[in-house]
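# Notes for the structure review
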Amino acid sequence: TKKAPIQRFADSVSAYFVPIVIFIAILTFTVWFSLVKSSVGFALMAAVAVLVIACPCALGLATPTAIMVGTGKGAKQGILIKGGDALETAHKLNYIIFDKTGTITKGKPEVTDLLVNQISEKKLLEIAGSIEKNSEHPLAEAIVKKAKKIKLKKITGFKAIVGKGVKANVSGKEYYLGNLRLMKERGVKLSGHLSKITKLESEGKTAMILAVGKKLLGVIAVADEIKKDSFKAIQNLQKMGLKVYMITGDNQRTARAIAKRVGIKNFFAEVLPEDKAKYVKKLQKKGKVSMVGDGINDAPALAQADIGIAMGSGTDVAMESGSIVLMRNSLLDISKAIKLSRLTMGKIR
Ligand code: ADP
Ligand code: MG
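First things first, this report covers the structure right here in the doc. (Residues numbered from 1 in each chain as written. Chains lettered and ligands numbered in written order. Predicted model: local features only at pLDDT ≥ 70, side-chain atom pairs only at ≥ 80, totals over all residues. Heavy atoms only, no water.)

## Digging into the site of ligand 1
In the vicinity of ligand 1 there are 19 residues, among which Glu132, His137, Gly163, Gly249 and Asp250 approach most closely. Here Gly249 contributes a backbone N or O atom positioned 2.9 Å from an oxygen atom of ligand 1. Within the side chain of Asn297, one N or O atom sits 3.2 Å away from an oxygen atom of ligand 1. Burial of ligand 1 by the protein amounts to 93% of the accessible area it has alone, namely 550 Å². Breaking the shell around ligand 1 down by element, the ones donating at least two residues are strand S5 (165-170), strand S6 (173-178) and strand S7 (206-212). (Near = heavy atom within 4 Å. Polar contact = N/O pair within 3.5 Å; in protein donor to acceptor, adjacent residues only side chain to side chain. Areas by Shrake-Rupley, 256 points an atom, 1.4 Å probe, with all protein chains shown as cover. Helix = DSSP H or I, 4+ residues; strand = E, 2+ residues; numbered from the N terminus.)

## Brief notes about the pairing of strand S9 (residues 243-247)
Within S9, four of the five residues are buried, which leaves the element mostly enclosed by the surrounding structure. Here strand S2 (residues 95-99) runs beside S9; their pairing, made up of five bridges, is parallel. Paired with Tyr95 across the strands is Lys243, a residue of S9. Relative to strand S10 (residues 266-268), S9 runs parallel, the two sharing three bridges. Among the inter-strand pairings, Ile247 is bridged to a residue of S10, identified as Phe268. (Buried < 20%, exposed > 50% of the residue type's maximum accessible area, 1.4 Å probe, protein only. Pairing = 2+ DSSP bridges.)

## Focus on helix H3 (residues 56-76)
Taking 1.5 Å of rise per residue, the 21 residues of H3 would be expected to cover 30 Å, and the 32 Å separating its terminal C-alpha atoms lies within 8% of that figure. Ala62 marks the point of greatest bend in H3, at about 30°, and the proline Pro64 comes within the next four residues. Restricting attention to buried positions, one finds in H3 the residues Pro56, Thr63, Ala66, Ile67, Gly70, Thr71 and Gly74. Tucked into the core, H3 has its buried residues touching helix H1 (5-35), helix H2 (40-54), strand S1 (79-81), helix H4 (84-89) and helix H15 (332-348). Just downstream of H3, Gly78 is the residue with a positive phi angle, here 80°. (Expected span 1.5 Å × (residues − 1). Bend = angle between axes of the 7 residues up to and from the residue. Contact = heavy atoms within 4.5 Å.)

## Overview of a positive patch on the surface
A grouping of Lys232, Lys239, Lys339 and Arg342 is seen on the molecular surface, where their side chains present a positively charged patch. Among the elements of the structure, helix H10 (230-239) and H15 are those that each provide at least two residues to the positive patch. Its place among the elements puts Lys239 in helix H10. (Patch = residues over 30% accessible without salt bridge, like charges linked within 9 Å, V, L, I, M, F, W, Y side chains within 5 Å. Salt bridge = Lys/Arg side-chain N within 4 Å of Asp/Glu carboxyl O. Lys, Arg positive; Asp, Glu negative; His and termini not counted. Charge placed at Lys NZ, Arg CZ, Asp CG, Glu CD.)

See the structure below:
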């Protein structure tokens, strides 16, 4: 754990304060000893009185004690603060960026709609399920869960296309499954389906398209429920004067719908995992920034931020990268952590 900057300050003050006090005590002893001739006892008492009243150790102890109490209070409420510096910086934050999936939302998406083009819904789920069985993405889990009653096929050549989707070969054919961006890149004909896809996205759902060659076979829409505390938590932070942002790899329309529901005006969508940290850096030019996230793809941004806040339900990498971990996974605990930081710093001063 890292020392709080204020602790370093107190330590450097103590470094001068302690020798000075000892010097004064010795001086007191000499002066009294020469004034009240040969009374060692009285001179010693005067010197000890100087030491007791100045009590240089109290200055060195006050800060760590306050920080210990602060982190202890946090821990009792499920807010793990890893170092003194996090506790000190928390009350100075200007910006806070939330990841969408797994942070604002529960991260347990469920299939809500199926659209098919000349194949059956069962066939759509069979192919999509067989492919997604090889992916660890939460979206993939939702599809596999929906296809659990269907006997899945063996696949070859599985490949994840970062931030866009996946591809694989099933029974000798090459399939792509992913977002609109991927389909546009592949030149897939969307024609009549585009309006249905954008409608699903405007409802806050993530639409995944299955295609073979340039042919669209179907669309699987998935929705991820917003955590019940998210709206209130974001409101609290805005009331405290923080500027709140959302960042996600998901598309613009889905991002806008979710951001609107939790009262966030500023959001960045279609951000590739490696770019999340860049957005943090950008905001850091204007103030202190906190990133809140749960996934492996959030880890670089959590490490870059002045304070990285990880969900206790998140991946180990995220928890390792953050300096605060929310064990109860409720975003309401962020404003609590900031208040705790304010109180602790007040006590120290
Ligand atoms: P995030 O975790 O913020 O949603 P990702 O970079 O993981 O960001 O994903 C971005 C987008 O890429 C998803 O919204 C989805 O459209 C697509 N995608 C990613 N992985 C898969 C997958 N396994 N199957 C289908 N689509 C995927
Ligand atoms: Mg996430």
